[in-house]
Amino acid sequence: LHASLTADPAQTVAPVHRRTFGSFVEHMGRCVYTGLYEPGHPTADADGFRGDVADLVRELGVTTVRYPGGNFVSGYRWEDGVGPKDRRPVRRDLAWHSLETNQFGLNEFATWCGRLGIEPMMAVNLGSRGLQEALDLLEYANHPGGTHLSDLRAEHGHPDPHDIRMWCLGNEMDGPWQIGHLDARSYGRKAAQVARAMRMADRDLELVVCGSSGSGMATFGAWEATVLEEAYDAVDHISLHAYYEEHDGDLASFLGSVADMDHFIDSVASTADAVGARLRDTKRIQLSFDEWNVWYLSRHRALAEVQPADDWRTAPRVIEDRYNVADAVVVGNMLISLLRHSDRVTAASQAQLANVIAPIMTEPGGPAWRQTIFHPFALTAASASGRVLRAEVAAPLQDTARYGGVPVVDAAVTHDEATGAAALFVVNRSVDQPVALDADLRGLAPAGVTSALTLADADAYAANSMADPDRVTPSPNKDARLEGGRLGLTLPPVSWSVVTLS
Ligand code: AHR
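Keep in mind it's a predicted model, so treat the numbers as computed, not measured. (Residues numbered from 1 in each chain as written. Predicted model: local features only at pLDDT ≥ 70, side-chain atom pairs only at ≥ 80, totals over all residues.)

1. Topic: the overall build of the chain
Summing up its helical and strand segments, the chain has eleven helices and 25 strands in all. The globule rule puts the C-alpha radius of gyration for 502 residues at 23 Å, and the 22 Å found for the chain is close to it. Considered along the principal axes of its C-alpha atoms, the chain spans approximately 65 × 60 × 45 Å. Across the 502 residues that make up the chain, the buried fraction comes to 51%. Contacts in the chain between residues at least 24 apart in sequence constitute 77% of all its contacts with a sequence separation of at least 6. (Helix = DSSP H or I, 4+ residues; strand = E, 2+ residues; numbered from the N terminus. Rg over C-alpha atoms; globule rule 2.2 N^0.38 Å. Buried ≥ 20, exposed ≤ 12 C-beta atoms within 10 Å, placed from the backbone. Contact = placed C-beta atoms within 7 Å.)

And the structure:
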């Protein structure tokens, strides 16, 4: 198969937002406990943060982390997680049917983020709680001092405010599974009230209102419109969540998942703009894609059955999906979609960071390793800089049962005017055919190829494991050649590639 691509610096989409490379840490399964935090682990520091995991998080290039949930936040009392550790209560986490020891909380999270140069992004509980608790948490986290809760923070060993800018107004409040689930009108009113009061405390916050839990929700579209009718003036972002998986061996549809993601983003942006037009409000609501990934959700439907009602465990092994080559290609493609939509998607969080549907896996007391999906994330975060250019792709279509004809090639191009560096991110979604790509980059006047890497394998289902942590890694694409500003590249079937140029 043959495909062509054109990108020109005269056609830009938007700056590359560093917040695109965000992640998500929920108190769920082993994401926090024995993931980021494991006192007594051979690599743990004095605070109990695993050094091997911290090193991988740095390599992954994560810029922001959303915390502490997820469904967990809708039953969470933030006060349980601050103060002397020996006085913190053990509570039941109803969302994941686990025991929460509260040994890791806001101050540990902020300290961990500070050490890694990560921007913390906090969610407030609008499920079992509401306005006053959100204001209390904001005062404790951000007020400089001289008030009851900011002084309490200082007493707890944190005199400096955490200065958290981005706040999520609850989590997936459209989902019937959510503790305190609300209809769109009630949630929109509640979120608007909380947002207005939070802004009275701190004008510079960036507030994210809950959109739909997925484009497949029965209320999708209507939910966004109603919530924004109530909260438009009070918020800055609306959230999107999407998880994809291969169903019934239908690899072609799975590889085409970004067709749905693109449509989802475009639909939410249009819906927000339509509400803005009706309200005569010229402000543009931005999109925070604050949960996205591959998740073999249908395999975990029976979670409740796996965990009997009377079995309450601390940090159980929950949804520890093991990712293969095809999953990494879809993750790389989702990053391409996020970059392509940088004019509207200004923040994103891959869900989650460690152990729970995660790029980083750990063994308690043992090693940490990279899943296949680690690689496209780390390389995209490291290589995308400057501005995203409009990439015009012409490629043959692959028939899919779910999305109809999907172009086999999808790509994004970034260009940093200051340094002259450019990067091409490209997937071949064909299940069995290589593609010869001709990329016309003459407008960028590239001097040479700095590196060309491809993630592919004869077995699209090959995966990494503790025993074989580097079974799947990107390798040099020796076929990359640049002539007169045109880049030629062979893309193996089911592959993700990055080419950097100077
Ligand atoms: O990331 C796992 C879960 O997926 C989150 O808790 C929830 O928000 C979503 O449904």
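2. Thoughts on the domain arrangement of the chain
What the domain assignment lists for the chain is domain 1 (2-9 + 388-501) and domain 2 (17-383). Its C-alpha centre places domain 1 at a distance of 29 Å from the equivalent point of domain 2. With 36 residues of domain 1 in contact, the opposing surface of domain 2 contributes 34 residues. Contributing elements (two or more residues each) for the side of domain 1 that touches domain 2: strand S16 (397-400), strand S18 (409-415), strand S19 (422-428), strand S21 (449-455) and strand S25 (495-501). A breakdown of the residues in the side of domain 1 that touches domain 2 according to their chemical character gives 24 nonpolar, seven polar and five charged. (Domains from an automatic or database assignment. Nonpolar A, V, L, I, M, F, W, Y, C, P; charged D, E, K, R; others polar.)

3. Considerations on the environment of Gly-83
With respect to the helices and strands, Gly-83 occurs in the loop between strand S3 (64-67) and strand S4 (91-93). Looking at Gly-83, the number of C-beta atoms within 10 Å reads 17, which means it is partly exposed. As a C-alpha pair, Gly-83 and Val-194 span 111 residues in sequence and 25 Å in three-dimensional space. When near neighbours in sequence (up to four residues on either side) are disregarded, Gly-83 contacts Arg-88 and His-156.

4. Here's the deal with the nonpolar core
Counting 159 residues, the largest nonpolar core has Trp-167, Leu-169, Ala-191, Val-209, Leu-353, Ala-411 and Leu-424 as its most contacted members. A per-element tally of this core places helix H10 (residues 325-340) first, with eleven residues. Residue contributions to this core reach at least three from each of two domains, namely domain 1 (2-9 + 388-501) and domain 2 (17-383). If we ignore the near neighbours within four places in the chain, the residues touching Ala-191 are Leu-126, Leu-169, Gly-170, Val-209, Val-227 and Ala-231. (Core = buried A, V, L, I, M, F, W, Y, C linked by C-beta atoms within 7 Å.)

5. Topic: the site of the ligand
The full set of residues close to the ligand is Glu-26, Gly-69, Gly-70, Asn-71, Asn-171, Glu-172, Ser-213, Glu-291, Ala-351 and Gln-352. The residue inventory of the shell around the ligand, partitioned by class, reads one nonpolar, six polar and three charged. (Near = placed C-beta within 6 Å.)

6. Observations regarding the sheet that holds S21
Spatial ordering of the open sheet is given by S22-S21-S25-S19-S18-S15-S1-S20-S24-S23, a layout of ten strands whose pairing is mixed. Strands with a single pairing partner mark the edges of an open sheet, and in this sheet they are strand S22 (475-476) and strand S23 (481-483). Here seven bridges tie S19 to S25, and the two strands are oriented antiparallel to one another. Within S25, the residue paired with Ala-422 across the bridge is Leu-501. (Pairing = 2+ DSSP bridges.)

7. Observations concerning the pairing of strand S9 (residues 237-244)
Within S9, seven of the eight residues are buried, which leaves the element mostly enclosed by the surrounding structure. In this structure, strand S8 (residues 206-209) lies alongside S9, joined through two bridges in parallel fashion. Directly across from Val-209, in S9, lies its bridge partner Ile-238. Bridge count for S9 against strand S10 (residues 286-294) is seven bridges, and the pairing is parallel. Across the sheet, Ala-242 pairs through a bridge with Trp-292, a residue of S10.

8. Brief notes about the pairing of strand S1 (residues 2-15)
In terms of strand pairing, S1 meets strand S20 (residues 435-440) through five bridges, oriented parallel. Residue His-2 lies in a different strand from S20, and its bridge partner there is Ala-436. Across seven bridges, the pairing between S1 and strand S15 (residues 387-394) is antiparallel. Pairing of Leu-5 across the sheet is with Val-393, part of S15.

9. Focus on the sheet that holds S10
Spatial ordering of the closed barrel is given by S2-S3-S6-S7-S8-S9-S10-S12, a layout of eight strands whose pairing is parallel. Each strand of the sheet is rotated relative to its neighbour by a mean of 30°, with strand direction disregarded. Where helix H5 (residues 184-201) meets the sheet, it contacts strand S6 (119-124), strand S7 (166-169) and S8, and its direction lies at approximately 155° from that of S7. (Axes fitted to C-alpha atoms, helices over the stretch in contact; angles between N-to-C directions.)

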